[in-house]
Amino acid sequence: MNEFRFYLSNPLDGLIMGFLPNDRRLAAVQLGSAKKAQAQSTSLSQRKGILLAVDLQNGFLITPECEAVVPKVVNNASKFHQVWATRFFNRNPNFSRQLNWNEMVSGQETELSKTLIPVVSKTFEKPSYSPISPTLLQVNIMSRFLSFHAHAPNSFVMSPALLQALQNNAITTVAVCGVDTDACVMATALGLFDAGFETFVVSDGCASSGGQEYHEAAIKILKRNIGDKYVIPLGELPAMLS
């Protein structure tokens, strides 16, 4: 008997594969291999990128370095297919319980900078560091992988609003900027990376309200985790993002 082997990238894969009949399992693995090969051969001309401005809200623009991010985004908006933005709302009890931080709940402090608003095409609210739910992250990846299968459980087709919008608009690449580099920017970039999107961080389009030391530490960590060549200044971003 010929032995057929395949390898699963995470524990959820095995659970989902268990719902498929044998012929569908083989088809799913073959489809996954084909998509991987296609992704690896994707040319620059097939990429479609956006600039994602993270939490450029009045309550976070409290240092000159943070304030300086906004005009950089506005002045470079035309280089991208679109500019999207996230807005943080303090709804996770851990911020109060563990950090004793109770700001950014409502009101003007949660509003985007007025200077930024004219260039933003879409806005996504979030109650945590990242706009991508870690619980649904694997679900989103596998739901795309199994979208052809009519009998996949409904719980496997949920995805957060940002991920759904990226898929619906055929976005392949995201350049992340905003504040704070060491908090929401980092969490957002790593979440997008984990979700399979080509992810850049704009090193001179980020800042930390905690100061330059925190910003530089975060940039160093991001270079290690998503790659040196993907943490770069605005002027060095590839033309394929336009």
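Further up the page is the structure itself.
Bear in mind that the values here come from a model prediction, so they are computed numbers and not experimental data. (Residues numbered from 1 in each chain as written. Predicted model: local features only at pLDDT ≥ 70, side-chain atom pairs only at ≥ 80, totals over all residues. Heavy atoms only, no water.)

**Re the packing of helix α8 (residues 181–194) against helix α9 (residues 212–226)**
A pair of packed helices is characterised by two quantities: the angle between their axes and the separation of those axes. Between α8 and α9, whose axes approach to 10 Å, the crossing angle comes to 10 degrees. Relative to α9, the element α8 lies roughly parallel. The residues of α9 that touch α8, namely those facing T181, D182, M186, A189, L190 and F193, are Y214, H215, A218, I219, I221, L222, N225 and I226. For the contact of α8 with α9, a count of residues per class yields 10 nonpolar, 3 polar and 1 charged. (Axes fitted to C-alpha atoms, helices over the stretch in contact; angles between N-to-C directions. Helix = DSSP H or I, 4+ residues; strand = E, 2+ residues; numbered from the N terminus. Parallel < 35°, antiparallel > 145°, perpendicular 65-115°, else oblique. Contact = heavy atoms within 4.5 Å. Nonpolar A, V, L, I, M, F, W, Y, C, P; charged D, E, K, R; others polar.)

**Things to note about unusual backbone geometry**
Following V179, the chain continues to D180 via a peptide bond in cis, the omega torsion being -15 degrees. If you trace the backbone, D180 turns up in the loop between β4 (173–179) and α8. Unusually for a residue other than glycine, N100 sits at a positive phi of about 55 degrees. Inspection of the secondary structure puts N100 in the loop between α5 (93–99) and β3 (120–126). Phi is positive for A170, which is not a glycine, with a value near 55 degrees. Note that A170 resides in the loop between α7 (161–168) and β4. By relative accessible area, which is 48% here, A170 ends up partly exposed. (Buried < 20%, exposed > 50% of the residue type's maximum accessible area, 1.4 Å probe, protein only.)

**Points about the nonpolar core**
Grouped together as the largest cluster of nonpolar side chains are 28 residues, with contacts concentrated most on L51, L56, V73, L116, A175, V202 and L237. Looking at this core, the elements that each hand over two or more residues are β1 (49–54), α4 (69–76), β2 (83–88), β4 and β5 (198–207). Among the nonpolar cores identified, the runner-up in size contains 27 residues, and I50, V54, I132 and I171 belong to it. (Core = buried A, V, L, I, M, F, W, Y, C linked by side-chain atoms within 4.5 Å.)

**Quick word on the pairing of β1**
Across the 6 residues of β1, 6 count as buried, placing the element largely inside the fold. Where burial is concerned, the two faces of β1 agree: the one with G49, L51 and A53 and the one with I50, L52 and V54 are both buried. Sheet analysis places β1 next to β4, joined by 6 bridges and oriented parallel. The partner of L52 across the bridge, within β4, is V176. As paired elements, β1 and β2 share 4 bridges and run parallel to each other. Across the sheet, residue L52 finds its bridge partner in β2, namely W84. (Pairing = 2+ DSSP bridges.)

**Description of the packing of aromatic side chains**
Tallied over the full model, the rule gives 8 aromatic pairs. Here the aromatic rings of F200 and Y230 are separated by 4.8 Å at their centres, their planes lie at 50 degrees, and the arrangement is tilted. Remark: Y230 occurs in the loop between α9 and β6 (231–232) and F200 occurs in strand β5; sequence separation between them is 30 residues. The exposure class assigned to F200 is buried, which follows from its relative accessible area of 4%. (Phe/Tyr/Trp six-rings, centres within 6.5 Å; stacked < 30°, edge-to-face > 60°.)

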